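Take a look at the letters that make up each chain.
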Amino acid sequence: LYDMEVPYKFVVTGSGSVDLKGKIQESLSGRKKVFRVNSVSFREFLDYKLDTRVNIADFYKNEPGKADELFREYLRFGGYPKIVTLTSEQEKIAEIQEILSSFMEKDIKDFLEVKKSYEFEKLMKIIAAEVGTTVNVEGLGNELALNRETIDNYVWYLNQTYILDIIRPYYTNVRKELVKMPVYYYHDLGMRNYLFNSLRYSHGVSETGGFLFQNFVYRLLTESPQYEKSKICYWRSKNGAEVDFIAEWGYRKVTPIEVKAINLVKPSVTKSMASFIDTYKPERAFFVNLSLDEAVEFNGCRVEFIPYWKLLL
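Figured I'd write up the structure that's included with this text.

Relative to the helices and strands, Asn215 is located in helix H13 (residues 210-223). Look past the residues within four positions of Asn215 in its chain and what remains in contact with it is Val131, Tyr185, Tyr186 and Leu189.

Below, the structure written as structure tokens:
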């Protein structure tokens, strides 16, 4: 139809893109544009809730109580558009349940023809409990009684259908990176919390654990124009030092980012961050936290302690 030069444009949408791509015989090269539409970002969420294009710095300075309330709502329920527009907790929870049910019935059973849907959903729940931590795929296979190939396929499906992101460790030796354990993050915090069985309880950040906040910061990084051209990794050393995120800009040009789900009182460079700075000599490093906004110099590196909302600027 397109080649007939009819006066129409075609918009093909849906999360079942894996199945769709597999059934199209031609690449449509030069005749298509592919857009990835994420769930509502935190910035979009704030603009919608306040019914205006928000000046972030002024909002957090002048209305800290409201800012904290909206932050916790997003941290709990995430950014699926229908969820954002609903008002009651019961409606939000029911809608997330419906989204998951539809995903399992349509994408997983029908499109992808996954036979063991119970094990597939259980895998999602296990990963929801382990976001931000290195995941041993062999261990997952033993727990679910599935082989390595099946687990790898299931994780690939989750990534291709925009449920999970997979990040790899930062190494200067690429071959080492490919054999190390990955870290998973959910695209949507509400879906993660529903699978983790924590959605029905209104916890604070510290009560839900730092890994939820870490998942939130990961979303901010992937949505930020400042970081969209970087590759996001994590770092673990053989002696146990670790940094949550490494933004890689090119050969040996990196920015380490550590995440702390607390109100830091004063700047303090951790042993892990110090180890990374000593090894890779970055120009800048960040500690993303709930409130502290201060910078220090450490071994030739400018280390900035910033509240999470500054990633929106």
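Using the criterion set out here, one finds 16 salt bridges in the structure. Between Asp47 and Arg53 there is a salt bridge, and its shortest N-O distance comes to 3.0 Å. For the salt bridge of Glu223 with Arg219, the shortest nitrogen-to-oxygen distance reads 2.1 Å. In this pair, Glu223 and Arg219 are both assigned in helix H13, four residues apart and thus about one turn of the helix distant. For Glu223, a relative accessible area of 26% corresponds to the partly exposed category.

Moving on: the pairing of strand S2 (residues 183-186). Here S2 shows a buried face lined by Val183 and Tyr185 and a second buried face lined by Tyr184 and Tyr186. Relative to S2, strand S1 (residues 164-167) is paired through four bridges, and the arrangement is antiparallel. Bridge pairing in S2 links Asp165 to Tyr185.

A few words on the packing of aromatic side chains. For the structure shown, the criterion picks out 29 aromatic pairs. Ring centres of Tyr74 and Phe216 lie 6.1 Å apart, and the angle between their planes is 65°; this geometry places the pair in the edge-to-face category. On the criterion of sequence distance, the pair formed by Tyr74 in helix H4 (residues 64-77) and Phe216 in helix H13 is long-range, its members being 142 residues apart. With respect to burial, Tyr74 and Phe216 carry one shared label: buried.

So, on to the state of the cysteines. The full count for this structure, using the stated rule, is zero disulfides. Looking at the unpaired Cys233, the closest cysteine sulfur is the one in Cys301, lying at 17 Å. Overall, the relative accessible area of 0% leaves Cys233 in the buried class. We classify Cys301 as buried; its relative accessible area is 0%.

Read from one edge to the other, the open sheet built from six strands follows the order S3-S4-S5-S6-S8-S7, with strand pairing classed as mixed. Both outer strands of the open sheet, strand S3 (231-236) and strand S7 (294-298), are each paired with one neighbouring strand and no more. Within this sheet the neighbouring strands show an average axis-to-axis angle of 25°, counted without direction. The pairing of strand S6 (residues 284-289) with strand S8 (residues 301-307) spans six bridges and is parallel. Counterpart to Phe286 in the pairing with S8 is Glu304. Seen against the sheet, H13 touches S3, strand S4 (242-250), strand S5 (253-259) and S6 and runs at an angle of roughly 10° to S4.

Rules used throughout
Residues numbered from 1 in each chain as written. Predicted model: local features only at pLDDT ≥ 70, side-chain atom pairs only at ≥ 80, totals over all residues. Heavy atoms only, no water. Helix = DSSP H or I, 4+ residues; strand = E, 2+ residues; numbered from the N terminus. Contact = heavy atoms within 4.5 Å. Salt bridge = Lys/Arg side-chain N within 4 Å of Asp/Glu carboxyl O. Buried < 20%, exposed > 50% of the residue type's maximum accessible area, 1.4 Å probe, protein only. Pairing = 2+ DSSP bridges. Phe/Tyr/Trp six-rings, centres within 6.5 Å; stacked < 30°, edge-to-face > 60°. Disulfide = S-S within 2.5 Å. Axes fitted to C-alpha atoms, helices over the stretch in contact; angles between N-to-C directions.

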